Amino acid sequence: GESLLLAINRKRIEKAQALMRSGQYKLTDIPELTGYSNMNTFRRNFQQITGVSPSQFLENKEKKE
């Protein structure tokens, strides 16, 4: 029921979340590792799909640990 582009972006963001949870990469490295050409596009898509910014996601992750 969703567009191909949205499905692709959703998979990219799922991969980004897994990389962010691993703690092995800097936030500035994640867009390139997930196929985004710049941080702004990554941040916009991340927030659109998850409802939180990448930095908020990391902050919430740290609170749970």
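Conventions adopted
- Residues numbered from 1 in each chain as written.
- Predicted model: local features only at pLDDT ≥ 70, side-chain atom pairs only at ≥ 80, totals over all residues.
- Heavy atoms only, no water.
- Helix = DSSP H or I, 4+ residues; strand = E, 2+ residues; numbered from the N terminus.
- Rg over C-alpha atoms; globule rule 2.2 N^0.38 Å.
- Buried < 20%, exposed > 50% of the residue type's maximum accessible area, 1.4 Å probe, protein only.
- Contact = heavy atoms within 4.5 Å.
- Areas by Shrake-Rupley, 256 points an atom, 1.4 Å probe, with all protein chains shown as cover.

## Some remarks on the overall build of the protein chain
Along the backbone of the protein chain there are four helices and zero strands. For the protein chain, the α and β elements follow one another from N to C terminus as α-α-α-α. Taking 11 Å as the expected radius of gyration for a compact globule of 65 residues, we find that the protein chain reaches 11 Å, a close match to that expectation. If one aligns the C-alpha atoms of the protein chain with their principal axes, the spans along those axes are about 35 × 20 × 20 Å. Among the 65 residues that make up the protein chain, the fraction classed as buried is 26%. When contacts within the protein chain are restricted to residue pairs at least 6 apart in sequence, those whose partners lie at least 24 apart make up 45%. Carbon and sulfur atoms provide 48% of the accessible area of the protein chain, an area that totals close to 4600 Å².

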